[in-house]
Amino acid sequence: MASNKLVLGLPKGSLQESTFELFRRAGFKIKGTSRSYFPSSDDEELDIRLIRAQEMSRYVEHGMLDAGLTGLDWVRENGSDVVAVADLVYAKQGMRPVRWVLAVPNDSPVRSVADLQGKRIATEAVGLTRKYFEANGVEADIEFSWGATEAKVPELVDAIVDVTETGSSLRANNLRIVDTLLESHTQLIAGRDAWADEWKKAKIGRIALLLKAALAADSKVLLKLNAPGDRLTQITENIPSLHAPTINNLADEAWYSVETVVDESVVREIIPDLKEAGAEGIIELSLNKIVE
Ligand SMILES: Nc1ncnc2c1ncn2[C@@H]1O[C@H](COP(=O)(O)OP(=O)(O)OP(=O)(O)O)[C@@H](O)[C@H]1O
Ligand SMILES: O=P(O)(O)OC[C@H]1O[C@H](OP(=O)(O)OP(=O)(O)O)[C@H](O)[C@@H]1O
Ligand SMILES: [Mg+2]
């Protein structure tokens, strides 16, 4: 039995699958049966609880959880005083931020927030929405929505404020974005008491490092190739790298081995260029972690 334990909240709901997957890539095996809110892991120092993303920051703030993963949106909505340990930009579907947007039906006459004076708005994030309307000097009737918010316009309300990632829910419901209230992403947060505890702070820091390393590796690959000496400069000067490419001599002294980490998105441009510039034996390897 480990004597020190970190009580860690993982988000149940939209972020659950992607969070479990990120932990797996970070090196933690988390197992949860479908209805258990106490998943087990292969790290004895972790005591994991599944908690709704909306509530996570309150429990972390009040010390029931030492740390947790949730959306920045819910930390703001709850006005929680917690330590933002790491910004982890991933969502339900992909590695990108989400947006809380003000949306109206495609055929609505509303063009800006000012056109919503005296109108009804539904949202799951009432606090954020109230603040936004106040900041814009618009008085509107803002009501709490339990979800499926897109279905409420135009019959029940005039506009909604909802979270969007891919935009497919807005499109499917014939909605048009009028404005963005907040860009949000997943955050690793810690409680002030946990952060003041040396062991807990160090443990949270190690988890943060591994999660960030796994996220950073997600969009990068390692390229390796052989370059003839007379083409080396030409080949290496045009390839991006984390710092500078690694260059080693091959047993055959006329040849060099070159290694570099690049964005996966540029690989399809770079590989044909490298081949054309005289590189041989080009291989691409996927990466699990990058610690810069
Ligand atoms: N595609 C997405 N849709 C909704 N929320 C997302 C998405 N990607 C990331 N999130 C984030 O997930 C969190 C939403 O979790 P929350 O527990 O509030 O609701 P949920 O998981 O969508 O549950 P429910 O199914 O009841 O709506 C927010 O922090 C939000 O920013
Ligand atoms: O832009 P998209 O990729 O379509 O994602 C956004 C949708 O996902 C969430 O719905 P959720 O599944 O949480 O259901 P809910 O409406 O009941 O909250 C959110 O409320 C949007 O409806
Ligand atoms: Mg939801």
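Residues numbered from 1 in each chain as written. Chains lettered and ligands numbered in written order. Predicted model: local features only at pLDDT ≥ 70, side-chain atom pairs only at ≥ 80, totals over all residues. Heavy atoms only, no water.

Moving on: the sheet that holds strand E6 (residues 83–88). On the basis of which strands lie adjacent, the open sheet formed by five strands has the order E4-E1-E5-E12-E6 and mixed pairing. At either margin of the open sheet sits one strand with a lone partner, and together these are strand E4 (46–52) and E6. Each neighbouring strand pair of the sheet contributes to a mean axis angle of 25°, computed without reference to strand direction. Alignment of strand E5 (residues 67–71) against strand E12 (residues 186–190), held across five bridges, turns out to be antiparallel. Within E12, the residue paired with Ala67 across the bridge is Ala190. In this fold helix H2 (residues 53–61) packs onto strand E1 (6–12), E4, E5 and E12, with an angle of close to 130° to the strand it touches most, E4. Contacts from helix H7 (residues 198–218) reach E1, E4, E5, E6 and E12, with the element oriented near 15° to E6. (Pairing = 2+ DSSP bridges. Helix = DSSP H or I, 4+ residues; strand = E, 2+ residues; numbered from the N terminus. Axes fitted to C-alpha atoms, helices over the stretch in contact; angles between N-to-C directions. Contact = heavy atoms within 4.5 Å.)

This next bit is on the site of ligand 1. Close contacts around ligand 1 come from 15 residues, with Ser14, Gln54, Asp73, Lys92 and Glu165 the closest. Here an oxygen atom of ligand 1 and a side-chain polar atom of Gln54 are 2.8 Å apart. In isolation ligand 1 has 610 Å² of accessible area, and contact with the protein removes 76% of it. When contributions to the shell around ligand 1 are tallied by element, the ones reaching two or more residues are H2 and helix H3 (72–78). Both domain 1 (6–95 + 186–217) and domain 2 (98–184) contribute no fewer than three residues apiece to the shell around ligand 1. (Near = heavy atom within 4 Å. Polar contact = N/O pair within 3.5 Å; in protein donor to acceptor, adjacent residues only side chain to side chain. Areas by Shrake-Rupley, 256 points an atom, 1.4 Å probe, with all protein chains shown as cover. Domains from an automatic or database assignment.)

This part takes up the environment of Lys5. Looking at where Lys5 falls in the secondary structure, it is placed in the segment before E1. For the pair Lys5 and Glu45, spaced 40 residues apart in sequence, the C-alpha separation works out to 4.6 Å. Ignoring sequence-local partners within four residues, the contact set of Lys5 consists of Glu44, Glu45, Leu46, Asp47, Asp66, Trp199 and Lys200. Among the polar contacts listed, one links the side chain of Lys5 to the backbone oxygen of Glu44, at a separation of 2.8 Å.

Let us look at the domain arrangement of the protein chain. One can read the domain layout of the protein chain as domain 1 (6–95 + 186–217), domain 2 (98–184) and domain 3 (220–286). Using C-alpha coordinates to define each centre, domain 2 is positioned 49 Å away from domain 3.

Attention now goes to the UniProt feature "domain: Histidine biosynthesis HisG C-terminal" (unreviewed entry) in the protein chain. The sites that carry the UniProt feature "domain: Histidine biosynthesis HisG C-terminal" (unreviewed entry) are, in the present numbering, residues 217–289. Along residues 217–289 one finds 25% helix and 40% strand; the C-alpha atoms at either end are 5 Å apart. (UniProt positions renumbered as here; feature names shortened; annotations may be inferred.)

This model, assessed by the stated rule, comprises four aromatic pairs. A centroid spacing of 5.9 Å and a plane angle of 90° characterise the contact between Trp74 and Trp100, whose relative ring orientation is edge-to-face. You can see Trp74 sitting in helix H3 and its partner Trp100 sitting in strand E7 (residues 98–105), a full 26 residues away along the chain. Residue class for Trp74 comes out buried when judged on its relative accessible area of 12%. Positioned above the aromatic ring of Tyr59, the side-chain terminus of Arg58 is 5.7 Å from the ring centre. (Phe/Tyr/Trp six-rings, centres within 6.5 Å; stacked < 30°, edge-to-face > 60°. Buried < 20%, exposed > 50% of the residue type's maximum accessible area, 1.4 Å probe, protein only. Lys NZ or Arg CZ within 6 Å of the ring centre and 35° of its normal.)

The predicted model of the protein chain has a mean per-residue pLDDT of 95, with 99% of residues at 70 or higher. ipTM for the predicted complex: 0.95, alongside a pTM of 0.93. (pLDDT = per-residue confidence, 0-100.)

In the vicinity of ligand 2 lie 14 residues, with Glu150, Glu165, Thr166, Gly167 and Ser169 positioned nearest. One of the side-chain N or O atoms of Thr164 is found 2.9 Å from an oxygen atom in ligand 2. Expressed as a share of its isolated accessible area of 490 Å², the protein-covered part of ligand 2 is 72%. Elements with a minimum of two residues in the shell around ligand 2: strand E10 (159–164) and helix H5 (168–172). By residue number, the principal contributor to the shell around ligand 2 is E10, which donates three residues. Grouping the amino acids of the shell around ligand 2 by side-chain chemistry returns two nonpolar, seven polar and five charged. (Nonpolar A, V, L, I, M, F, W, Y, C, P; charged D, E, K, R; others polar.)

As a working rule, side chains carrying opposite charge can pair if their charged atoms are close by. Tallied over the full model, the rule gives 14 salt bridges. A salt bridge links Glu143 to Arg120, with the nearest nitrogen and oxygen atoms 2.8 Å apart. Of this pair, Glu143 sits in strand E9 (residues 141–144) while Arg120 sits in strand E8 (residues 120–123), placing them 23 residues apart in sequence. For Glu143, a relative accessible area of 23% translates into the label partly exposed. Since its relative accessible area comes to 36%, Arg120 is described here as partly exposed. Overlapping salt bridges, with partners in common, bring together Glu21, Arg24, Arg25 and Asp218 in one network. (Salt bridge = Lys/Arg side-chain N within 4 Å of Asp/Glu carboxyl O.)

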